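Each chain, letter by letter, is given below.
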Amino acid sequence: MGEFDGHRAVVTGASSGIGAALARRLAASGAAVVLVARRREKLDEVRAAILAETAGAAVEVVSCDLATAEGPASLVAEATAGGARVTILVNNAGVGLYGKFREQRWEDQQRLLQLNVVAVTELTRRFTEHMLAHGEPSYVLNVSSTAAFQATPGFAVYGPSKSYVRDFSEALAFELRKTNVQVSCLCPGATVTEFSDVAGQVLNDRAHKFMLSAEQVAKVGVKAMRKGRVNVVSGGLNKTNAFMTRLFPRRVTAWAADFAMRKVVSERGEGEAPSPPDGGEG
Ligand SMILES: NC(=O)c1ccc[n+]([C@@H]2O[C@H](COP(=O)([O-])OP(=O)(O)OC[C@H]3O[C@@H](n4cnc5c(N)ncnc54)[C@H](OP(=O)(O)O)[C@@H]3O)[C@@H](O)[C@H]2O)c1
């Protein structure tokens, strides 16, 4: 018996990285899974891997661009067609965008906001209505980031998109606490996936020493979801860093984030310290 027997999970961003690992773990725990992303062939590979490792797994694949205005609604329609019930929503699809704010293209910033913020909100809204209506025990797991804990120069748009996901999840978890829908938020730190390549970040060897695997992060996320934990950070070092942000003024944590980033990103002048912050409101 798996702990999610009888559940049906929609996992966005399941064609690679953390989403693929979350889908594999949920399938291994008994849930039927609906894998969602744009690249059909990658989704088919994840589907084949799940079928190979979990006998009798039920796996559907939906190719969908969630950064379009119609993407989220069409996914909900497809996942609930014919009266099918969804009891788990994993809002994992997300992209980073690294570099100076003014040097980034507006089109890329807009797509990021559409995917990381608007699609997450719309999918949560539509699927929680569906879950509240069918009344079965249900879960929403939103994937944020440790970037949600402080301002991160170089991630001026991405970071706040993840702060939104974290605050949104916490507020919704509170509002829905007496219903059949439990909301959790997973905040990974640096994880070995396609994320950095997509974000335009070249990480050096130092970075890889601190990174977790997608499987490690997925294990933390699924456990948090099962236990109804509202907010969880994956990894001991990430937990410590996230906690430390509470102890310092925000200008200092932004400076520290910039310094740490320079240590791990190749093309920004490795190890070169920025000017320390000069006081500020914190
Ligand atoms: N890796 C890290 O260091 C890290 C740290 C903190 C938080 N996170 C968060 O973890 C989540 C998963 O990222 P990851 O690290 O696993 O990166 P990843 O390997 O790049 O995976 C991103 C997933 O999102 C999908 N996706 C991207 N654009 C999409 C769109 N327009 N419509 C539908 N799906 C789309 C991608 O699939 P297609 O390209 O096939 O569409 C892919 O499956 C993200 O929300 C990210 O912000 C990652």
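Since we're looking at a predicted model, the values are computed, not measured.

1. Section: the packing of helix H4 (residues 106-134) against helix H5 (residues 158-175)
Then, in step 1: It is the contact of H4 with H5, at a shortest axis distance of 9 Å, that shows an interaxial angle of 10°. One way to sum up the angle between H4 and H5 is to call them roughly parallel. Read as a crossing pair, H4 and H5 show a hand that is right-handed. Along the contact surface, H4 presents Leu 112, Asn 116, Val 117, Val 120, Thr 121 and Thr 124, while H5 presents Tyr 158, Ser 161, Lys 162, Tyr 164, Val 165, Phe 168 and Leu 172.
Then, in step 2: Of the residues that constitute the contact of H4 with H5, the class distribution is 8 nonpolar, 4 polar and 1 charged.

2. Regarding the nonpolar core
Then, in step 1: Counting 35 residues, the largest nonpolar core has Phe 4, Leu 22, Leu 26, Val 33, Leu 35, Ile 50 and Ile 88 as the members making the most contacts within it.
Then, in step 2: Those elements that place two or more of their residues in this core are strand S1 (8-12), helix H1 (17-28), strand S2 (32-37), helix H2 (40-53), strand S3 (59-63), strand S4 (88-91), strand S5 (138-143) and helix H8 (214-227).
Then, in step 3: Ranked by residue count, the leading element in this core is H1, at 7 residues.
Then, in step 4: Contact partners of Leu 35, with chain neighbours within four places excluded, come to Val 11, Ala 14, Ala 23, Leu 43, Val 46, Arg 47, Ile 50, Val 59, Glu 60, Val 61 and Val 62.
Then, in step 5: If you look at the next biggest cluster of nonpolar residues, it comprises 26 residues, including Leu 89, Leu 123, Val 140 and Phe 168.

3. Concerning the site of the ligand
Then, in step 1: Taken together, 31 residues lie around the ligand, and Ser 16, Arg 38, Asn 92, Tyr 158 and Thr 193 are the ones closest in.
Then, in step 2: Backbone polar atom of Gly 13 to an oxygen atom of the ligand: 3.0 Å apart, as the coordinates give it.
Then, in step 3: In the model, an oxygen atom of the ligand is placed 2.8 Å from a nitrogen or oxygen of the Arg 39 side chain.
Then, in step 4: Bound to the protein, the ligand loses 96% of the 880 Å² it would expose on its own.

4. A closer look at the confidence of the model for the protein
Then, in step 1: Chain-level pLDDT for the protein is 94 on average; 94% of the residues reach the 70-or-more range.
Then, in step 2: pLDDT under 50 marks residues 268-282. Its contacts with residues more than four places away, or in other chains, come to 32 contacts.

5. Points about helix H3 (residues 71-79)
Then, in step 1: Taken together, the buried positions of H3 are occupied by Gly 71, Pro 72, Leu 75, Val 76 and Ala 79. Buried residues of H3, viewed axially, fall in a sector of 135°; they line one side.

Conventions and cut-offs
Residues numbered from 1 in each chain as written. Predicted model: local features only at pLDDT ≥ 70, side-chain atom pairs only at ≥ 80, totals over all residues. Heavy atoms only, no water. Axes fitted to C-alpha atoms, helices over the stretch in contact; angles between N-to-C directions. Helix = DSSP H or I, 4+ residues; strand = E, 2+ residues; numbered from the N terminus. Parallel < 35°, antiparallel > 145°, perpendicular 65-115°, else oblique. Left-handed = near helix turned anticlockwise from the far one by under 90°. Contact = heavy atoms within 4.5 Å. Nonpolar A, V, L, I, M, F, W, Y, C, P; charged D, E, K, R; others polar. Core = buried A, V, L, I, M, F, W, Y, C linked by side-chain atoms within 4.5 Å. Buried < 20%, exposed > 50% of the residue type's maximum accessible area, 1.4 Å probe, protein only. Near = heavy atom within 4 Å. Polar contact = N/O pair within 3.5 Å; in protein donor to acceptor, adjacent residues only side chain to side chain. Areas by Shrake-Rupley, 256 points an atom, 1.4 Å probe, with all protein chains shown as cover. pLDDT = per-residue confidence, 0-100. Arc of directions from axis to C-beta.

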